[in-house]
Each structure stands twice: as C-alpha cells, then as structure tokens.
Amino acid sequence: MEYTRGSEWRRWDFHLHTPDTKKNDQFQANGKGKWELFYENIANYIGDKTNPQKTIAAVGITDYFSVENYRKVKSDGILARHIDFIFPNIELMCLPLKDGVKMNVHLLINPSFIDKVDTIILSNLKYCSMDTEYCARKDDLIRFGKDLDASLDDEMAYKKGVENFNINFDDLIKILKNHPECKDNVLILMPNRVLMVHLRLEILQARQWIYVIYSNIEENYIEHRILFYLRILRT
C-alpha cells in the first residue's frame, strides 16, 4: 500500500465474517459456491474504485478463535484485487466481567505475526469445563466439542467447541504481558461500556496495546483505525 498525498480519509472494515465462519454461518450459495458469491458481492459493491463512498482501503477477516479463513482469503488472492490491506481479526467470547453479561473481544493481528498466533495466543487461552482444561487451538476445541457430544464428527465438534469456549479476560492480559512481541503485533478492541465499567484503569494506562472502539463516537472509532494502520506500517 503506497499513499503519496498525505492525510486523507479512508474506509476500513474491521469486522468482516466470511463463509465457513465458525459460528452462526448464514452465507447462502444461491446456485453458486458460497465463497464465489462472497467475492462477487464485494467486487460488485466496490466496483472500479472510482466511488469514494464504496472504496474500502482495508478489511479485517474475522472468525472465532481462528485465522483459517484469513489464510484462505490471502491464498485465494481475489479480495486483494479490490482491497489494499487485509488483516486477521480473531473474535473471542469472554466470560462475564460484571452483571453476568458476556462480551466479545477482538484481536487485530499484524499479518506478519500470523504464524505465532497458535503458539502464543490460542495455546494459552484456557477454559475449564467438566473438570477438564482446554485451550483455544483447533485440536483442543475439537476435543472439547466431542466431550460435549461424542456423536459429532471433527467439523461439527470444532464448531461445538467454539460455541462453548469462553476466555477469561485476565488470561488474555497475562499472555500479552508474558509475550512482549504482542505489543507491536496485537491490538485489542472492545466496546466502550467495558472500558468505562469493567476494566481497571491502571491496566489501560500501562498497556498501550489496548484500544477501545467507542461505538457511539465516530471520531474515536476512526482515530483508532488510523492508530492500527500506523502500527502495522511501522513493523
């Protein structure tokens, strides 16, 4: 990606699920392959990039506890014809911090860090169920799913494991503290209500890799998009 005109507004979409997303996949084939139709719809929307209202500069390929679909998108090479920068977004379901309300946390990953996601992040996210501990790697999620329902094949067990796996937010903070390389390669996004009500202020002050999407303040949302863009370019 090369821009020579200085600062200008660009559209980013942090949160794009694809066909075969691990949870609540509602993509329909409509006579074509789901992936073929997915790519076609995006290409038709963006067009020839002459309409700035429809041009998208960057997109986060999102899935639960996985970067598999990001790898497929990069391997297919079709989306890259229309969008300059594609990065992985790992969506995590987090145990309630207060009042029994769960939240979704997003990890935006530097593409150059992708090969370390399994060993540094997913392997160290733990969940205990039925007196058994599981991690968020694919093989363990399959094991978890089959422990919940022994009749499932690997594919369905994987989805079952994903649906029932919840992280502890403190465990995520611990991973980032124990692996300094995450500081320049992982960006955490969460709703602003979580920041204001649930998180300890000293964590936010001490850890500059934690940013927040203010869903009701568009300026801050855009600002943090730019922060992430600058960070990715710097690495």
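Predicted model, so just to flag it, every value in this text is computed and none were measured. (Residues numbered from 1 in each chain as written. Predicted model: local features only at pLDDT ≥ 70, side-chain atom pairs only at ≥ 80, totals over all residues. Heavy atoms only, no water.)

**Comments concerning the pattern of salt bridges**
Counted under the stated rule, the structure contains 11 salt bridges. Of the charged contacts in the structure, one is a salt bridge between Asp115 and Arg71, with a shortest N-O distance of 3.3 Å. In this pair, Asp115 sits in the loop between β4 (103–109) and α3 (117–121) while Arg71 sits in helix α2 (residues 68–76), placing the two residues 44 residues apart along the sequence. Look at Asp115 and you get exposed, because its relative accessible area is 61%. Given the relative accessible area of 39%, Arg71 is considered partly exposed. The shortest N-O distance in the salt bridge between Asp154 and Lys146 comes to 2.5 Å. Of the residues examined, Asp154 reaches a relative accessible area of 42% and is grouped as partly exposed. (Salt bridge = Lys/Arg side-chain N within 4 Å of Asp/Glu carboxyl O. Helix = DSSP H or I, 4+ residues; strand = E, 2+ residues; numbered from the N terminus. Buried < 20%, exposed > 50% of the residue type's maximum accessible area, 1.4 Å probe, protein only.)

**Quick look at the packing of aromatic side chains**
Going through the model one piece at a time under the given rule, you end up with 13 aromatic pairs. Seen in terms of ring centroids, Phe27 and Phe38 are 5.8 Å apart; in terms of plane orientation they differ by 85°. Their pairing is edge-to-face. Taken as a pair, Phe27 in the loop between β1 (12–17) and α1 (34–46) and Phe38 in helix α1 lie far apart in primary sequence, 11 residues in all. Given the relative accessible area of 29%, Phe27 is considered partly exposed. Phe38 sits in the buried class, given a relative accessible area of 6%. These aromatic residues form a ring-pair network of at least three members: Phe65, Tyr127, Tyr134, Phe144 and Phe165. The ring centre of Tyr64 lies 5.4 Å from the NZ or CZ of Lys23, which sits over that ring. (Phe/Tyr/Trp six-rings, centres within 6.5 Å; stacked < 30°, edge-to-face > 60°. Lys NZ or Arg CZ within 6 Å of the ring centre and 35° of its normal.)

**Some details on α1**
Over its 13 residues, α1 runs 19 Å from end to end, which matches the ideal 18 Å to within 8%, given 1.5 Å per residue. Turning to α1, its buried residues are Trp35, Leu37, Phe38, Tyr39, Ile42 and Ile46. Buried residues along α1 sit against β1 and α2. Note on α1: the residue one or two positions beyond its end, Gly47, has a positive phi of about 65°. (Expected span 1.5 Å × (residues − 1). Contact = heavy atoms within 4.5 Å.)

**What about the nonpolar core?**
Counting residues in each nonpolar core, the largest one holds 53 residues, and the members touching the most others are Phe65, Leu79, Leu107, Ile121, Leu125, Phe165 and Leu172. Beyond its immediate stretch of four places on either side in the chain, Ile121 contacts Leu107, Ile109, Phe113, Lys116, Ile175 and Val186. Membership of the second largest hydrophobic core comes to nine residues, among which are Trp12, Phe14, Leu187 and Leu189. (Core = buried A, V, L, I, M, F, W, Y, C linked by side-chain atoms within 4.5 Å.)

**Here we look at the confidence of the model for the protein**
Close inspection of predicted coordinates is inappropriate in any region flagged by low pLDDT. Summary statistics for the protein give a mean pLDDT of 79 and a share of 75% for residues scoring 70 or more. Per-element confidence in the protein ranges from a low mean pLDDT of 38 for helix α9 (residues 218–234) to a high of 97 for helix α4 (residues 138–148). Counting interchain partners and residues more than four positions distant, the pLDDT-below-50 stretch residues 194–235 has 78 contacts. (pLDDT = per-residue confidence, 0-100.)

**Some details on the environment of Ile167**
In this structure, Ile167 sits in the loop between α5 (154–164) and α6 (169–178). Separated by 75 residues in the primary sequence, Ile167 and Leu92 place their C-alpha atoms 7.1 Å from one another. Those residues within four positions of Ile167 in sequence are excluded, and the remaining contacts are Phe65, Leu92, Met93, Cys94, Leu95, Leu125 and Leu172.

**Considering the pairing of strand β2 (residues 58–64)**
Of all the seven residues making up β2, seven are buried; the element is thus mostly covered by neighbouring parts of the structure. Every second residue of β2 is oriented toward a common face, with Ala58, Gly60, Thr62 and Tyr64 on one face and Val59, Ile61 and Asp63 on the other, all of them buried. Two strands pair when backbone bridges link them, and β1 and β2 are joined in this way by four bridges, in the parallel orientation. Across the sheet, the residue bridging to Leu16 is Ile61, located in β2. As judged from the seven bridges shared by β2 and strand β3 (residues 85–94), these two strands associate in the parallel manner. Bridge pairing in β3 links Ile61 to Pro88. With α2 bridging β2 and the parallel β3, this β-α-β connection has right-handed handedness. (Pairing = 2+ DSSP bridges. Right-handed = clockwise from strand over helix to strand, strands pointing away.)

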